[in-house]
Structure formats: structure tokens, C-alpha cells
Amino acid sequence: MGRKCIHCGADCGTNPVIWDEMPFCCHGCKTVYQILNEKKLDKYYEIQPMSGVKIENVNLGNKYAYLDNNEIADKLIEFSDGGVSRVSLYIPSIHCASCIWLLENLRTLNNGILQSMVNFPKKKVSITYKPSEISLRQLVELLASIHYIPEITLDQLEDKKNKKTDRKLISKIGVAGFSLLNVMAYNFPEYLPGKEHLSTEFVKFFGWMSILLSIPVVFYSASDYYQSAIKGLKHKIINIDVPISLGIFTLFIQSFYDIFLGQGIGYLDSLVGLVFFLLIGKWYQTKTYNALSFDRNYKSYFPIAITIIKSDLSEEIISMSKLKVGNEIIIRNQELIPADSILISDTANIDYSFVTGESIPVGKKRGEVIYAGGRQVGPAIRLKVEKTVEQSYLTQLWNQDSEKNINSNLDSVINKVSNYFTIVILTIASIAGIYWWLSDPSIALFAFTSVLIIACPCALALTIPFTFGNTMRVFGKAGFYIKNTSVIEGLHKIDTIVFDKTGTITHSKSMKAVFVGDKLSKNSLLLIKSLVSQSAHPLSLSIAASIHGNSQAMVENFQEIPSMGITGVVNGVRVNIGSRKFVTGKEDENPNETRVYVFIKDHILGYFKIENKYRSGLDKVVKSLKLKYNLYLISGDNESEKTNLKQIFGDETKLFFNQSPTDKKVFIRKLKEEGRRVMMIGDGLNDAGALLESDVGITIADDVYQFSPACDGIIESSSFYKLHKYLKFINYSMNIVRISFILSFIYNIVGISFAVSGHMTPLLAAVLMPVSSVSVVAFVTFFIRFKGKSLKK
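Small disclaimer: the values here were computed from a predicted structure and weren't measured.

Conventions and cut-offs
- Residues numbered from 1 in each chain as written.
- Predicted model: local features only at pLDDT ≥ 70, side-chain atom pairs only at ≥ 80, totals over all residues.
- Heavy atoms only, no water.
- Helix = DSSP H or I, 4+ residues; strand = E, 2+ residues; numbered from the N terminus.
- Buried < 20%, exposed > 50% of the residue type's maximum accessible area, 1.4 Å probe, protein only.
- Areas by Shrake-Rupley, 256 points an atom, 1.4 Å probe, with all protein chains shown as cover.
- Phe/Tyr/Trp six-rings, centres within 6.5 Å; stacked < 30°, edge-to-face > 60°.
- Lys NZ or Arg CZ within 6 Å of the ring centre and 35° of its normal.
- Pairing = 2+ DSSP bridges.
- Axes fitted to C-alpha atoms, helices over the stretch in contact; angles between N-to-C directions.
- Contact = heavy atoms within 4.5 Å.
- Expected span 1.5 Å × (residues − 1).
- Patch = residues over 30% accessible without salt bridge, like charges linked within 9 Å, V, L, I, M, F, W, Y side chains within 5 Å.
- Salt bridge = Lys/Arg side-chain N within 4 Å of Asp/Glu carboxyl O.
- Core = buried A, V, L, I, M, F, W, Y, C linked by side-chain atoms within 4.5 Å.
- Lys, Arg positive; Asp, Glu negative; His and termini not counted.
- Polar contact = N/O pair within 3.5 Å; in protein donor to acceptor, adjacent residues only side chain to side chain.
- Charge placed at Lys NZ, Arg CZ, Asp CG, Glu CD.
- Left-handed = near helix turned anticlockwise from the far one by under 90°.

Student: Would you take a moment to explain the overall build of the protein for this structure?
Tutor: The helix and strand inventory of the protein stands at 25 helices and 28 strands. Looking at the protein as a whole, 51% of its 793 residues are labelled buried. Entry remark: accessible area of the protein is about 36900 Å², with carbon and sulfur atoms responsible for 56%.

Written out as C-alpha cells, the structure is:
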């Protein structure tokens, strides 16, 4: 055997291609290696040595020329605006951590690529790029040049693929089920008294008919297991499908041997039954995963409230699920655009960083299309909805944020167990087979194959996704929406909780704004309401609610300065509204109350006195959390509420006021440097940096909701009083995971013991294998949902 290729690990043969004293099996592998080293991406080989895919000699030529056709390209591109486009491509050759690392560093290969993110289970990569620097065709050709060849079909709609996959699996189950009934009928006489009187001709006939019916089961119904096993072995990975494939072929070859020599009818009933029940278990798992995915993507995954303009010009707040094509909506400063729309206002400034990662706002004019996921930067704008967007799209955007990585210790344990599990099982099966071959050859085959089939890490692997998936489902129904399952483990680890004040522990809709100062004229009220209506800050909302009427004036040059205030030109008049320092340049003279000052033209007219109202259940939540967690409060407001908050939180040394957004972020960082695991709870307005800096960031969602991509979870304001219950429920979920782990280990130990002793047939093993997975799913689902009822109270 020759030397192995540095890139893909294949045998280089007697005449390897040599470059820099390193062997390659072909010039294609050598070229990819050179590209990666030239761009300093050689870490690709450090993560998993010889992890590349063997390069076939393919001349691209004009293979992807059709992508230069704008009509075709538009069908593939998900987003294109402001000189930035986004496309998702299916790449079947994604197979390991090195693939993920390389594909998520594509920007190193071409400066026109801004961002790339891999969805490993679906083998898809989402790429954000600049069409002016690299076209879609060039992007695909770049991927093909490093042998990550996209599989492009223009009707690659995910639901169609799922239906196609379901039909294929069901057809395989149908073939296996039909064969099982007939093979068992042919084998039926073997189980009856007097079978020895059956003529030899009948036995041979039934045997060959069983082989004939088993062939489509072995080579069609069970084909997915072989393909998975072969792919794993190619990359030096022994997955769970290796022993399953070995068991199937062992039974088939032994049965064929027995029937051919006339020694009996073999074990084809066990073989066909094995495949049938394995496929039934696979179908059940797929259905359950799809149900969880459906809940996650479509059933109110997170709440987005939208302000629509009714026919009488009044405003109404509705949920995104009720948004319809043709609705006219209002988007305020920094609010998320929920659907593809046409701009009605004269101009807009759209920040697409949530979609593309690029934070430079894109200027828009009346009549232009604005895509879902953008944010308005500046005064409020009006839009007409052109196309409703499924929440799965916004969920995908939320999850593409990769700045925060919550490591999973549980996943690491499962990966380590899975790595050695199959090797251990193959060893035990071989020892059992050899032992019984020497002791009682009639039991040897059953012992060998039963061990291969009964042992399965599936129940162990299913524990976390189903436990956490059901936890997310229960939380969603109870008003708590989590970004992904890794957040659950992150919440379990926290020991410190930091609260923001305004809009977090105070209820923005219950705030009362009373003006103190000169009597405001109708024109002054119009100017004030017009300006505050551009902002989604709780103080702005309370002031807007205190001024009656729907009339508003044109606002230009609008700006919102975090923790300071808002400014703009309304009807040609400069208006400033905010803190005393922002409006007058002087420090607040009365820190015992919340004041919002008003400046119109050349005069300071007075201030709005804001009466805060704390959220329902705050006392109980804090009292419960203090028993386990370190609590802090950090606010950009003055100390007007310090006395009240001291009565709730207790220790005034943990209450911090007059904190800027940067101060909040630095505060969280210092806590983490002290070894704390920090959860930040804010409103997503002036604390996005702190939310991102924390280990877990949670925002509170009022009816008028401003989505913050920096957060890891969202709590509906009406469910805030359940905060301590959510955290207790997570501890309960972690206990369910531990119990499921124990049950899974017990199942494997007991099952293997029976199989080794020769007291279990492969058919029974095939029944018990999916039953183990089903039992874990049922156990997890029942106890999580049962306990989840307590969150509805």
C-alpha cells in the first residue's frame, strides 16, 4: 500500500503527485491544498487530518454559466439590496468539523464574501457576499474549486424535499412490510409441530421465495444504512450504521448459504423483520423531529408586534401572524421590518446588519422594496406589506448570530461516548460470536447479530434534543421564547442575574407622563408627539400616549442618542426631548424623580414627570431568585427609584444608576472576569452591548416590541412574573436528561447481556432497538409536558 494523500487520505499509489515533499493522490487534491495554504487556511487539516474530499478531474468550463442569467439567479438568491446579496446552497460533501471551519472562513478566499454560516444537519451553507466583487456564478465556481460542489435545483424548497424524503422512507417501509408478511408465511410451517414431515421440495421452494422477497429489502429498504456506513468508513469514522449493516449482511449471507446447501430456510424472517422495525423506528424519530421543528419555526416562535394604520388613520397593534399583504404599517427608529414591503414614506435608512452582517445603512426612496429583517434608522416610516414572511426566516436570521458561543458539556459527553460505542460493540459481538461458535454453533450467529442490533446509542443521542426541544415548546406556550437549545444549558449554568430598569422591571404601558412647566399649546403638543412617535423607547411611548389625537407633522434629521434623548426638526422647528443634561447641558437637579425635558426652538418649556409602575410579581420574582443567584440592577436613569428598589432588591451596593450603554457592557465584562456566569435581562434598546457581552441575554417584550438580535431569549411582559419558575424548570429538564442517560445505559447493558447469552433473536433485537428510542422520547415528552402545566398558572 502506497503513501496516503495529505488532503483526502486516499492511497496515492506507486506514482504520487509530490508538492513541497508531500504526497497527493491527484493534481486536484494538490491544487486545493495549495489554495488553502496560500490563504493561510491550513488549520483545516489541524482540526481533522486528511479531512478533504478526493478531487475528481472536472473541468468546470461553462457548467455554471446559467447562473449569469438574472432570472435564474433571482430564484436562488434570498436577499439582494444595498450592494449585498445572500444565498443558501446545499453541499452534500460537508462531512466534518474541518468542512464547517473552512466554509465559515470563505471570506479569506475572496474579499467579496462577507459572511458564511454552515447548517451541518442540512448540509447547507448560507453566504452573504457583494455581487459587485464576486458574482453568484463565481461564488459557486469558487466552492467547486475546493471541491465543495453545490447541488443546485431550482425547486429546492425545503417542504418539498421533506415530503420527497418522507415518501421515499414510506416506500421502503412498504416494501419491507410486504416482504415480512410473505416471508413469515413461508416460514410459518417451521414454527409448527410436525415440520419435519414437510417435503424437501416445499422447504426449498419456500426458502428460495424468501430469498427472492428479501433481496429488495436488503438492497433497497436498508440501503440508507450501507450508504451512511460507507461514508463514515471513508472518513475513518465507525458510526452506528456499521454494525447494523454488518448484522444485515451476516444474516443474509448465512441464510443464502443454508438455503443453497439445503440445510434449512435460514433466518430471513428475522432479517426482514429487523429492517422493517428499524425503518419504523426511523420514521417515528423523523416525525417527532419534524413536529419539534414545526413548533420551533411556525408556531409563534417569538412575538413580534406590528403597528398597522387602519382605514380611519388610527393605529392598531397586531401580532405578526395576523399581518396581511396590503396592510400599511409603521416602523419606528431601530424597529425590525417583519415582511417584504414597499416604502410609502419619501425616504428611509435601512440597516440590514441582521440579515447580512453589514451595519452600514442603505438609503431608500418612495416605491422601493425593503426586505424583511432590516431596521429603520431614523424617523418612523410607513410601509405597504408586499409579501408576508414566515417566522422561520426570522428565526434563521436570529440564529445566524455567531458572536456568542455557548459550549455544551453534555454534547461533548455524548460525542465521546458515540466515538467509542461502535468499536466496543463490534468487539463484544465478535467475542460473543467466537465463544458460541466454539461452544454451540447454532447460537453463534444469533448472538453475534443480536449484539450488533440491540446495542444503540440512539436513545442517548436523542435525550438532549428531545428534552430541550420539548422544553422550548413548553416555554413557548408559556411566553418564553429561546433562541436555540444551547441556551437552556447556558441558563442552567448561570449564578448571577443583572436587571435593567426602564422597560424591564418597569411596565412601559403603565407609565404616566405629566407635564410640568409652561402650558403647552396645540402646536407644541403636535411637535412633541410627532417627535416622540419616532422612537420606541418606553419613555417616548409614555409621552406619546399622554397626548391625545392622531395628527402628526413631518420630522426631519431625527436622531436618537442612547441614554440621552431624541432630537429632530419638526415642521421646520428644532425639537429636543430627553434628560436635563441633554436638553440644558446641566446635571439633573432633582434625582428623586424621572424627568424628560422639552426644548422647542429657543425655549425650554418644562419637563414630563414620569411615574413608574413596576411589573406585576417583581417582589416575588426577586425574593425567589435571591435564594440562588447574585442579583444586580443597572440603569441609565437617575436615582429617583433607589429607595423603592432598595426595598425590593435589599442591598443598595448592587444598585447602579446613570450608566451608559458602554458602562453596562463593561460592568457585565467585569463580572465575567471574576468567574461569574451572567444572565442579563433588558429591553434591547440601550443594552444590546450588555446582552451580547453576557453569557445569556434575555429581553422583555411588551406589546410594542423591538427585537434585539443580541438576545438569546425573549419573555413576554405578561409572563415576567414566571421568571423564577422558568429557571427552576430548566433545572428540572437537566434532571430529566440525567435520568434519561441512566435509562439509556441500563437498556444497553441489559440488552447486550441477553444478546451475548444467546437468549435473544435478531428479530427481537430489532423490535427493542427502536423501542428504546421511543421509550426515551415518551419518557421525556410525558414528564416535560406534565411539569410544563405548572408554567401556565
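Text resumes after the structure shown.
Student: Explain the packing of aromatic side chains here, please?
Tutor: We describe a pair of aromatic rings using the distance from one ring centre to the other and the angle between the two ring planes. Within this structure, the stated rule accounts for 20 aromatic pairs. Between Phe475 and Phe729, the ring centres sit 5.5 Å apart and the planes meet at 55°, which makes this aromatic pair tilted. Separated by 254 residues along the polypeptide, Phe475 in helix H15 (residues 458-477) and Phe729 in helix H24 (residues 723-756) bring together distant segments of the chain. In this structure, Phe475 and Phe729 share a single accessibility class: buried. Seen in terms of ring centroids, Phe729 and Tyr732 are 5.9 Å apart; in terms of plane orientation they differ by 45°. Their pairing is tilted. One end of the pair is Phe729 and the other is Tyr732, both in helix H24 and three residues apart, which spans about a single turn. A relative accessible area of 2% means that Phe729 is categorised as buried. Here the aromatic residues Phe475, Phe480, Tyr726, Phe729 and Tyr732 are joined through ring pairs into a cluster of three or more. Above the plane of the ring of Tyr220 lies Lys172, whose end atom (NZ or CZ) is 5.5 Å from the centre. Positioned over the ring face of Tyr732 is Lys787, at 5.4 Å from the centre of the ring.

Student: Would you mind going over the pairing of strand E4 (residues 84-90) with me for this structure?
Tutor: On a regular strand, each side chain points to the face opposite its neighbour's, so the side chains alternate between the two faces of the sheet. Summarising burial for E4: six of the seven residues are buried, a large majority. Sheet analysis places strand E3 (residues 77-81) next to E4, joined by four bridges and oriented antiparallel. Within the sheet, the bridge partner assigned to Ser80 lies in E4 and is Ser85. Linking E3 to E4, which pair antiparallel, is a turn of two residues; within it Gly82 sits at a positive phi near 60°. As defined by bridge partners, E4 adjoins strand E6 (residues 124-129) across six bridges and the pair is classed as antiparallel. Each bridged residue has a counterpart across the sheet, and for Ser85 the counterpart in E6 is Tyr129.

Student: What am I meant to see in the sheet that holds strand E23 (residues 603-611) here?
Tutor: Taken in spatial order, the six strands of this open sheet run E18-E23-E22-E21-E20-E19, and their pairing is antiparallel. Where the open sheet ends on each side, the last strands, each with one partner, are strand E18 (512-517) and strand E19 (555-561). Sheet twist, expressed as the mean angle between neighbouring strand axes with direction ignored, is 20°. With six bridges joining them, E18 and E23 adopt antiparallel strand pairing. Within E23, the residue paired with Gly517 across the bridge is Gly606. Contacts between helix H18 (residues 538-546) and the sheet are confined to E18, strand E20 (565-570), strand E22 (594-600) and E23, with E23 contributing the most and set at about 100° to the helix.

Student: Whenever I open this one, H24 confuses me. Can you help?
Tutor: Helix length check: H24 (34 residues) gives 50 Å between terminal C-alpha atoms against 50 Å at 1.5 Å per residue, within 8%. Two residues or fewer past H24, Gly758 is found with a positive phi of approximately 85°.

Student: Just checking my understanding: could you explain the sheet that holds strand E27 (residues 696-701) for this structure?
Tutor: The pairing of strands in a sheet happens through backbone hydrogen bonds and is either parallel or antiparallel. In spatial order, the strands read E16-E28-E27-E26-E17-E24-E25; together these seven strands make up an open sheet with mixed pairing. Edge positions in the sheet fall to strand E16 (480-482) and strand E25 (655-656), since each of these pairs with one other strand and no more. Where strand E26 (residues 678-682) meets E27, four bridges bridge the pair, whose relative direction is parallel. For Gly682, the partnering residue across the bridge sits in E27 and is Thr699. Along the sheet face, helix H16 (residues 486-493) touches E16, E26 and E27 and points at about 110° away from the line of E16.

Student: Explain a nonpolar patch on the surface here, please?
Tutor: A surface patch of nonpolar side chains, amounting to about 530 Å² of accessible area, comprises Ile739, Ile742, Leu743, Ile746, Val750 and Phe754. Summarising the element assignment, Leu743 is placed in helix H24. Leu743 sits in the partly exposed class, given a relative accessible area of 40%.

Student: What should I look at first to understand the environment of Ser551 in this one?
Tutor: Within the element layout of this structure, Ser551 appears in the loop between H18 and E19. Residue Ser551 is classed as exposed on the basis of its relative accessible area of 57%. Residues Ser551 and Leu313 lie 238 residues apart in sequence; the distance between their C-alpha atoms is 9.1 Å.

Student: I tried to follow the nonpolar core on my own but got confused; where do I start?
Tutor: Nonpolar side chains tend to gather and get buried jointly when the protein is soluble and globular. Leu491, Ile497, Phe499, Leu625, Phe649, Met679 and Leu723 are the most contacted members of the largest nonpolar core, which has 50 residues in total. Counting residues per element, this core draws most heavily on H24, which supplies nine residues. Every residue in contact with Ile497, bar those within four places of it in the chain, is listed here: Leu625, Tyr629, Asn630, Leu631, Tyr632, Met679, Ile681 and Leu727.

Student: Please explain helix H9 (residues 241-260) as it appears in this structure.
Tutor: Each α-helix turn comprises 3.6 residues. Residues three or four places apart therefore point the same way. Its 20 residues give H9 an end-to-end C-alpha distance of 28 Å, which sits within 8% of 28 Å, the value for a rise of 1.5 Å per residue. Gly262 lies just past H9 and shows a positive phi near 75°.

Student: Even after reading the chapter, I still don't get unusual backbone geometry, so can you show me in this structure?
Tutor: Note on backbone geometry: most residues besides glycine have negative phi, and most peptide bonds are trans. Unlike most non-glycine residues, Asp20 shows phi in positive territory, near 55°. Relative to the helices and strands, Asp20 resides in the loop between strand E1 (17-19) and strand E2 (22-24). Its identity as a non-glycine residue notwithstanding, Asn557 has a phi of 55°, on the positive side. Considering the arrangement of structural elements, one finds Asn557 in strand E19.

Student: Got a minute to help me understand the side chain of Glu335 in this structure?
Tutor: Along the chain, the position of Glu335 falls in the loop between strand E9 (328-331) and strand E10 (340-343). Arg332 provides the closest opposite charge to the buried, unpaired Glu335, separated from it by 4.0 Å. Side-chain polar atoms of Glu335 contact the backbone nitrogen of Arg332, separated by 2.9 Å.

Student: What exactly am I supposed to notice about a positive patch on the surface here?
Tutor: On the surface, Lys477, Arg785, Lys789 and Lys792 cluster together into a positively charged patch. For Arg785, the location among the structural elements is in helix H25 (residues 762-788). When its relative accessible area of 40% is taken as the criterion, Arg785 is described as partly exposed.

Student: Explain the environment of Ile309 here, please?
Tutor: Position of Ile309 relative to the elements: it lies in strand E7 (residues 305-309). We classify Ile309 as buried; its relative accessible area is 11%.

Student: What am I meant to see in the pairing of strand E28 (residues 713-716) here?
Tutor: Relative to E28, E16 runs antiparallel, the two being bridged by three bridges. By the bridge assignment for E28, Ile482 is matched with Gly713. Across four bridges, E27 lies against E28 in parallel orientation. Across the sheet, the residue bridging to Thr699 is Ile714, located in E28.

Student: Honestly, the pattern of salt bridges in this entry has me stumped. Any pointers?
Tutor: Opposite charge on two side chains allows them to pair when their charged atoms are near. Enumeration according to the criterion identifies 13 salt bridges in this entry. Residue Lys664 pairs with Asp500 through a salt bridge whose shortest N-O separation is 3.3 Å. Pair noted here: Lys664 is in helix H22 (residues 661-673) and Asp500 is in the loop between strand E17 (496-499) and E18, with a separation of 164 residues, a long-range link. For the pair Lys664 and Asp500, a shared accessibility class is recorded, and that class is buried. Across the salt bridge formed by Arg669 and Glu693, the nearest N and O atoms sit 3.6 Å from each other.

Student: What is the right way to read the packing of helix H17 (residues 522-532) against H18 from this model?
Tutor: Think of two packed helices as two axes; the pair is described by the angle between the axes and how far apart they sit. Running from N to C, H17 and H18 cross one another at 145°; their axes reach a closest spacing of 9 Å. For H17 against H18, the interelement crossing comes out left-handed. Seen from H17, the contacting residues are Ile528, Lys529 and Val532; seen from H18, they are Ser540, Ile543 and Ala544.

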